[in-house]
Structures are given as structure tokens and as C-alpha cells.
Amino acid sequence: MADKLFEPVSERGIFKNLDVLSPHYVPEELPHRISEAKNISRILTPVLRNEKPNNIFVYGSTGTGKTSVVRHVVRELNKIASNPESNVNKALIKTVYMNCRTGYGSKYQVLVRVLTDECLQTEELKKRPLEDRKKKDLAGINPTKLYEKLKDVVQENNLSLIVILDEIDTVKDIDDLMYTLTRINDDIKGGRVSAIGISNRSSFKEMLDSRSKSTLCEEELIFKPYNAHQLETILKYRVEIGLNSGAISEGNVKLVAAYAASTNGDARYALKLMQKAGELAESDNRKSIKIEDVKAARTKVEEDIVSETVKNLPEHQQIVLYSIADLLLKGSQYKRLTEVEKDVVFSGEVYDHYQKVSKSIHRDPRTIRWFREYLNELEVFGLIILKSSGKGVRGNTTLIKLGRKPEEIRDIVEITLGLK
Ligand code: ADP
Ligand code: MG
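Residues numbered from 1 in each chain as written. Chains lettered and ligands numbered in written order. Predicted model: local features only at pLDDT ≥ 70, side-chain atom pairs only at ≥ 80, totals over all residues. Heavy atoms only, no water.

## A short note on the overall build of the protein chain
Right, so step 1: Along the backbone of the protein chain there are 17 helices and eight strands.
Right, so step 2: Expressed along its principal axes, the backbone C-alpha trace of the protein chain runs to roughly 75 × 60 × 55 Å.
Right, so step 3: Residues classed as buried in the protein chain amount to 48% of the 420 residues present.
Right, so step 4: Long-range contacts, defined as pairs at least 24 residues apart, comprise 73% of the intrachain contacts of the protein chain with a sequence gap of at least 6.
Right, so step 5: Here the protein chain displays about 22100 Å² of accessible surface, and carbon together with sulfur accounts for 49% of that area.
Right, so step 6: Of note, the protein chain has its 67 positive side-chain charges centred 2 Å away from the centre of its 61 negative side-chain charges. (Helix = DSSP H or I, 4+ residues; strand = E, 2+ residues; numbered from the N terminus. Buried < 20%, exposed > 50% of the residue type's maximum accessible area, 1.4 Å probe, protein only. Contact = heavy atoms within 4.5 Å. Areas by Shrake-Rupley, 256 points an atom, 1.4 Å probe, with all protein chains shown as cover. Lys, Arg positive; Asp, Glu negative; His and termini not counted. Charge placed at Lys NZ, Arg CZ, Asp CG, Glu CD.)

## Section: the packing of helix 13 (residues 315-330) against helix 16 (residues 368-380)
Right, so step 1: Two elements in contact, helix 13 and helix 16, have axes separated by 10 Å at closest approach and are oriented at 80°. Accordingly, the angle class assigned to the pair helix 13 and helix 16 is roughly perpendicular. Each of His316, Gln317, Val320, Leu321 and Ile324 in helix 13 lies in contact with helix 16, whose residues at this interface are Phe371, Tyr374, Leu375, Glu377 and Leu378.
Right, so step 2: Taken together, the residues of the contact of helix 13 with helix 16 break down into seven nonpolar, two polar and one charged. (Axes fitted to C-alpha atoms, helices over the stretch in contact; angles between N-to-C directions. Parallel < 35°, antiparallel > 145°, perpendicular 65-115°, else oblique. Nonpolar A, V, L, I, M, F, W, Y, C, P; charged D, E, K, R; others polar.)

## Thoughts on the pattern of salt bridges
Right, so step 1: Counted under the stated rule, the structure contains 26 salt bridges.
Right, so step 2: The salt bridge involving Arg201 is made with Glu377; its shortest N-O contact spans 3.1 Å. Here Glu377 lies in helix 16 and Arg201 lies in the loop between strand 4 (192-199) and helix 7 (204-207), a separation of 176 residues in the sequence.
Right, so step 3: On the basis of relative accessibility, which here comes to 17%, the residue Arg201 falls in the buried class.
Right, so step 4: Assessed through its relative accessible area of 16%, Glu377 is described here as buried.
Right, so step 5: As a salt-bridge pair, Lys236 and Glu232 come within 3.4 Å of each other at their nearest N and O atoms. (Salt bridge = Lys/Arg side-chain N within 4 Å of Asp/Glu carboxyl O.)

## Examining the site of ligand 1
Right, so step 1: In the region of ligand 1, 21 residues are neighbours, and Pro31, Lys66, Thr67, Ser68 and Tyr226 sit closest.
Right, so step 2: Between Arg238 and ligand 1, the recorded distance is 2.8 Å, taken from a side-chain N or O atom to an oxygen atom.
Right, so step 3: In the complex, the protein chains occlude 98% of the 550 Å² of accessible area that ligand 1 would expose alone.
Right, so step 4: Contributions of two or more residues to the shell around ligand 1 are made by helix 2 (66-82), helix 9 (228-242) and helix 11 (267-283).
Right, so step 5: Of the residues contributing to the shell around ligand 1, the split by class is nine nonpolar, eight polar and four charged.
Right, so step 6: No fewer than three residues from each of domain 1 (20-222) and domain 2 (231-308) sit in the shell around ligand 1. (Near = heavy atom within 4 Å. Polar contact = N/O pair within 3.5 Å; in protein donor to acceptor, adjacent residues only side chain to side chain. Domains from an automatic or database assignment.)

## Some points on helix 6 (residues 174-187)
Right, so step 1: Along its 14 residues, helix 6 runs 20 Å from first to last C-alpha, staying within 8% of the 20 Å computed at 1.5 Å per residue.
Right, so step 2: Within helix 6, the full set of buried residues consists of Ile174, Leu177, Met178, Thr180, Leu181, Ile184 and Asn185. Buried residues of helix 6 fall within an arc of 160° about the axis and therefore sit on the same side.
Right, so step 3: Where helix 6 is buried, its residues meet helix 3 (107-116), helix 5 (143-156), strand 3 (159-166), strand 4, helix 7 and helix 8 (210-216). (Expected span 1.5 Å × (residues − 1). Arc of directions from axis to C-beta.)

## Digging into the sheet that holds strand 5 (residues 219-222)
Hydrogen bonds along the backbone pair up the strands of a sheet, which may run parallel or antiparallel.
Right, so step 1: Across the sheet, which stays open at both edges, the five strands sit in the order 2-3-4-1-5 with parallel pairing between neighbours. The open sheet has two edge strands, strand 2 (92-99) and strand 5, and neither has a second partner. On average, each strand axis in the sheet is inclined to that of its neighbour by 15°, with strand direction left out of account.
Right, so step 2: Inspection of the sheet shows strand 2 paired to strand 3 by eight bridges, in the parallel sense. Bridging from a neighbouring strand, Tyr97 pairs with Ile164 of strand 3. (Pairing = 2+ DSSP bridges.)

## Notes on the environment of Phe57
Right, so step 1: Relative to the helices and strands, Phe57 is located in strand 1 (residues 56-59).
Right, so step 2: For the pair Phe57 and Lys205, spaced 148 residues apart in sequence, the C-alpha to C-alpha distance is 9.0 Å.
Right, so step 3: Non-local contacts of Phe57, meaning those with residues more than four positions away in its chain, are made with Ile168, Gly197, Ser199, Phe204, Lys205, Leu216, Cys217, Glu219, Glu220 and Leu221.

The structure is reproduced here in C-alpha cells:
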């Protein structure tokens, strides 16, 4: 047992600070998002005058900086609001951020989360939101009471509350939630509540009923994908603080940026790509990243992303995806057509197969209407491609192509659904 368990650590070949490449790191500066940040701060400014800011809906595809920008602006707002020197009115400003995907997928959960947020647990609040403000004490409390409690704490403290709902599209009773959050403002004499909703899905807005749509979208901000040049700036900044000098050449930074720009303009993807390339170089005991590392990293990262995306899909979408992969591997029964059009299956046969697969794992298959909805969702994630067959072939039907190799998809879903 005299062996040392830990060898003395040596410096890493590539990274000097891996944290700054992590998706959770919010950089001090967000290049190419200055006007977006300014816009949001302009919309929120009335709160410093005791007025209710408009609600904001922020959307754009993943990795376009939505979360970082909103959190950055809110961080600055909180700094001003808590600075005794600043000429802010007497109103209390509190902001509560949550990512709805991580356990706040209903109005009820959102309200509990707001009421138990630590920013509402301070002594400066005259009326404590609850006698006992622990989450467990709120469990099971009826929704009307919850609403009353929130109303009380806002009103009695003349509180300006801003609720930030990231990935808001995952809230199942979103219309109800929006209605509740606005109604508070009609029911109270002091204080105000505003919301900032963030979503990766532009189609989300269309899912709202017209009233909650106009409520949430009082202000709307679109975040566009980054182009190669913008990604390059973003990467360079991280290279400086995260990588040893000389670890990556300018050309390879450009290549990473170009790959990410041509994929989806996603900064998260670009950072992942750079990190993976660095890891590959390190595992080869090198001190600098080669072009081959970048290329290999691309394949690896794409596989990781697909597997991550699939794992996060709702169960029935996974079953549909699996059914497509499985059918493709077994071969479509409509040989003649599929010889013309390679690697496709018909939506009709997929639906049949989906029903079979569902039953085999003791799930109730959903209706065809839902099935179509799932297909659209899967297409949004780039996992499948839908095509109309045109007239003539079995009427007008939909052809489905898989965005990835069927083996890859089957292997992933088999694990996530426990089919093996
Ligand atoms: P979204 O919420 O739109 O999916 P994020 O805000 O989570 O995107 O950003 C994804 C990653 O990219 C994070 O690591 C973030 O730090 C980085 N990032 C995005 N935009 C910028 C930017 N303008 N400058 C620096 N880093 C950025
Ligand atoms: Mg985000």
C-alpha cells in the first residue's frame, strides 16, 4: 500500500483553464451581442423608475447567446439595484431565473420556484412570502393559495419582480402561467411582475393562445446564428484565457469557426469542437492542436450531440425515431419505390411499425395526429428529413429519410428506452 494514489500533477499540454470553455461559463464580455444586450436593458429600464417593464420574448436557435445575454443583463441590473449609491427609487427589484426544462415545467412548479427563490428570502422583504419558506412546506399547497402568497409578497413590498423563464417552451400549461403572471398586475395596488421568456424554438409562439402570445411578446427579440467571423472572435477570446499559448494556430481557430458556422452558427458547438480537438491533442501528448484533431473532433462532437438530442426527446418521439431506423435496417416493404428513392420509408408504414414497437414495450401508441406532430419535431432537430412523395405513388404520402445512420440511431435509442 506504499504506492502513491496520486501522481504529482503536471501542467496540461493544451488547456490552462478548462472552465472557461464550459457551457456554464458566462463571459464578462459578449462580443457581437452588444445591441441585443442594450435592447434588453432598455426594455427593463422602467423598472428603475418603479414602472412595469414590458414582457420580453427572446428566441433563436441554440448557441446564439440567448441565455448568456439575458443572464448578463440581469446580473448588471441586480448590481445597480443593490448599489446604495445608485439613484434607484425605493422599490425593491428582484429577479428570478430558472430553466424550465430542469424541473419547472408547469405553472405550479414555476410559482413554487419563484416563492422559494433565495432572493425573496431576505430580511429586507417586509412580509415574508411564507411563514416557513421552505420548498417542502409549499408542496401540495393549492394553486390559488400559491397565487395569493405571491400577490401578497409583491404588493406588500412594492416589489418589482422579473421572472426569467428559460426554455419556456417546455412549460406544459404555458397559457395559464402567462395569464397568472399578468393577472397579478391587475390584482395588486403596489409592485409589479414581468416575465422574460427564452426559447430555442421559433414555432413555440404559434403554440400559444392569442392572449398569452400578445402578453409574452410585448417585446420580441430574435437572436440570429453567428457567422464564421463572429464565431472566430468568440473563440479567440476563450483561446486567450483557456488555452496555453501556441496550443492552437489561427488557421485552426478559423477552421473550427467555419465548421460551426456551416453547421448551425452555434457558439456552444464551436466551443465544444475546440475543447474536443484539444483533448485529442492532449491524449496524443502534444502541445498543439493539429488540423486532424479538429476534423476528428467534428465527427466526435456530432455523435455526442445526436446522442444528447435523442436522449432528451420525449419517449414517444424516441419510439418513432427508433421505428424509422429499425424499418430502414429491415428494408421498406415498398421495394419498387425505395429503389428509386434510396434510404426512405413511408410515413404510413412507420406509423404501423411505431404502433407495434410501442405495444411491445407496453406503451399506448398515440394517435396519427400526434405521430405527425412528432415527425415535425424530429425534423426540427435535424434527425429526419420529410419529403412529399408527390402524386401517384400510393396517393400523396410523406417519405421519411433519417438524418444519421440508422445503426447509430438504433443503438442510442435501444439504450435510452432500455430495449436491450
Ligand atoms: P443559447 O442560450 O442561445 O443556447 P448560450 O447563451 O447558452 O446560448 O451560449 C452558448 C455558449 O456560447 C456559452 O458557452 C456562451 O458562453 C457562448 N457564447 C454565446 N454567445 C457568445 C458571445 N457573444 N460571446 C462569447 N461567448 C458566447
Ligand atoms: Mg439557452
